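Below are the chains, spelled out letter by letter.
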Amino acid sequence: WGKDLMTKVIMDCDPGIDDAIALTVLLAHPEKADLIGVTTVGGNVQLDYVTQNAQKLLTFLGSHAELAAGQATPLVKEIQTASHVHGKTGMDGYDFPENSLDYPIKSHNAVTYMYNKIINSDEKINLVATAPLTNVALLLKTFPDVKENIEHIYIMGGSTLQGNITLAAEFNAYVDPEAMDIVFNSGLPITLSGLNLTENKAYVTMDEISKIKDLGHVGVMASSILDIYAGHESSIGMTKIPIHDACAVISLIAPELFTKSTNYSMDVSLTNDQYRGMTYPDRRVDSEKKNSIKVLEDVDREAFVKFIFDSIASYDKK
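To keep things clear, this report deals only with the structure shown in the data block.

About the cut-offs
Residues numbered from 1 in each chain as written. Predicted model: local features only at pLDDT ≥ 70, side-chain atom pairs only at ≥ 80, totals over all residues. Heavy atoms only, no water. Axes fitted to C-alpha atoms, helices over the stretch in contact; angles between N-to-C directions. Helix = DSSP H or I, 4+ residues; strand = E, 2+ residues; numbered from the N terminus. Parallel < 35°, antiparallel > 145°, perpendicular 65-115°, else oblique. Left-handed = near helix turned anticlockwise from the far one by under 90°. Contact = heavy atoms within 4.5 Å. Nonpolar A, V, L, I, M, F, W, Y, C, P; charged D, E, K, R; others polar. Buried < 20%, exposed > 50% of the residue type's maximum accessible area, 1.4 Å probe, protein only. Pairing = 2+ DSSP bridges. Right-handed = clockwise from strand over helix to strand, strands pointing away. 1 Å grid on protein atoms, 1.4 Å probe; cavity = no way out; pocket = protein on both sides within 12 Å on 5 of 7 lines; lining within 4 Å. Points joined across faces, edges and corners; volume = space filled by probe spheres on them. Core = buried A, V, L, I, M, F, W, Y, C linked by side-chain atoms within 4.5 Å.

A few words now on the packing of helix α2 (residues 17–27) against helix α11 (residues 217–235). The contact between α2 and α11 brings their axes to 9 Å, and the two run at 155°. Our classification of the angle between α2 and α11 gives roughly antiparallel. As α2 runs across α11, the sense of the crossing is left-handed. Of α11, the residues touching α2 (which contributes I17, D18, A20, I21 and T24) are V218, M221, A222, I225, L226 and Y229.

Right, dumping it as structure tokens:
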């Protein structure tokens, strides 16, 4: 009966420090999620770097998940990266094994890779998307029949309150709002972890980050890369360090940790002004519902932090 509980997952990501933590947490729970593929997309840093970072992580964590490289740039605009947050390569601060870049890249077209994987699966696939949604939008636009075999999409992106890259927009939404609009209006079930959750509720403190290095060899890696990220966040006045992307993973494998959510019809601003990439919920009672996105609004923070810590520590117990 254990097989029936197993969820098949493809993770679309742009590691990135918080993606690295998210992938670490996901791979720590093979009893709950079978990670069959990882796809990369330009976002936090350029595509070459994020793909190499995925190779490093999958090697380091002992995974055999297939890896496919995807889109280097958004659907419409030039790419804007966040190397000022994640460092030049996106995962500076830790020396991964030399042979990491030998990790095989199954495909350089993540869109056709995902399509073939999903359409040929004997059970529905869940997507976890922690990056600009370029790959996922192209998948849904190019191969609409793929929707029949997608169970759910768990997204880190957007916000119902504040932005971070601009006053109005969260980074992933800002980099490719056209893609986010396509995914939001795809008709598929979506759970959204936005900044309203990740910055205000699902954070770790500097004191908690200092304890991660004691959680075994994966803890040393996680702590090394988090120190750079936390250093940037604290330099801009943040005392609560958000682990944004872990929320999307944990909303799949431990949804009970999230204590409040609301379904909203969500709109994405595609204008070319200061509101580009802003995601906003339609709170009107009588509105025409374009879509229905499950927006996570609160989390048991202590349980969330413990879940991340236990996941990291579990690698030394296997």
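Where helix α5 (residues 110–119) contacts helix α6 (residues 134–142), the two axes come as close as 9 Å, and the packing angle between them is 60°. Relative to α6, α5 is oriented oblique. Handedness of the α5/α6 crossing: right-handed. Residues A110, V111, M114, Y115 and I118 of α5 pack against N135, V136, L138, L139 and T142 of α6. Residue composition of the contact of α5 with α6, grouped by class: 8 nonpolar, 2 polar and no charged.

All right, on to the pairing of strand β1 (residues 7–13) then. Among the 7 residues of β1, 7 are classified as buried, and the element is accordingly described as predominantly covered. Burial along β1 is two-sided: T7, V9, M11 and C13 facing one way and K8, I10 and D12 facing the other are all buried. Strand direction decides the pairing type here: β1 and strand β2 (residues 33–40), joined by 7 bridges, are parallel. Counterpart to D12 in the pairing with β2 is T39. Since β1 and β2 lie parallel, the crossover through α2 that links them has a hand, and here it is right-handed. Where β1 meets strand β4 (residues 125–129), 5 bridges bridge the pair, whose relative direction is parallel. What sits directly across from M11, in β4, is V128.

Bringing the sheet that holds β2 into the picture now. On the basis of which strands lie adjacent, the open sheet formed by 9 strands has the order β3-β2-β1-β4-β5-β6-β11-β9-β10 and mixed pairing. The open sheet terminates on both sides in strands that have one partner only, identified here as β3 (66–69) and β10 (279–282). Direction aside, the axes of adjacent strands within the sheet are offset by 30° on average. Pairing between β4 and strand β5 (residues 150–156): 5 bridges, direction parallel. Each residue of the ladder has a partner; that of L127, found in β5, is I153.

Attention now moves to unusual backbone geometry. Residues P15 and G16 are joined by a peptide bond in cis, for which omega reads -5°. As for its placement among the helices and strands, G16 is situated in the loop between β1 and α2.

A word on α2. By the criterion of burial, α2 is predominantly enclosed, with 11 of the 11 residues buried. Within the sequence span of α2, burial applies to I17, D18, D19, A20, I21, A22, L23, T24, V25, L26 and L27.

Looking at the largest pocket, its volume works out to about 340 Å³. If you go around the largest pocket, you meet 24 residues; those closest to its centre are V85, H86, N164, F171 and H244. Among the secondary structure elements, those contributing two or more residues to the lining of the largest pocket are α2, α4 (83–86), α7 (171–175), α11 and α12 (244–253). When the residues that make up the lining of the largest pocket are grouped by side-chain class, the tally is 9 nonpolar, 8 polar and 7 charged. Empty space within the second largest pocket amounts to approximately 180 Å³. Residue assignment for the lining of the second largest pocket shows that the elements contributing at least two residues are α2 and β2. Considering every element that reaches the lining of the second largest pocket, the biggest residue donor is β2, with 3 residues. Here the lining of the second largest pocket is built from residues that sort into 8 nonpolar, 4 polar and 2 charged.

The biggest cluster of nonpolar side chains holds 69 residues, and the ones touching the most others in it are M11, L26, L35, I250, F304 and I308. Element by element, the count of residues in this core is highest for α2, at 8 residues. Apart from the residues lying within four places of it in its own chain, the contact partners of L26 are V9, M11, A33, L35, V249, L252 and I253. In terms of nonpolar packing, the next biggest core, distinct from the first, is built from 35 residues, L127, A129, V146 and L188 among them.

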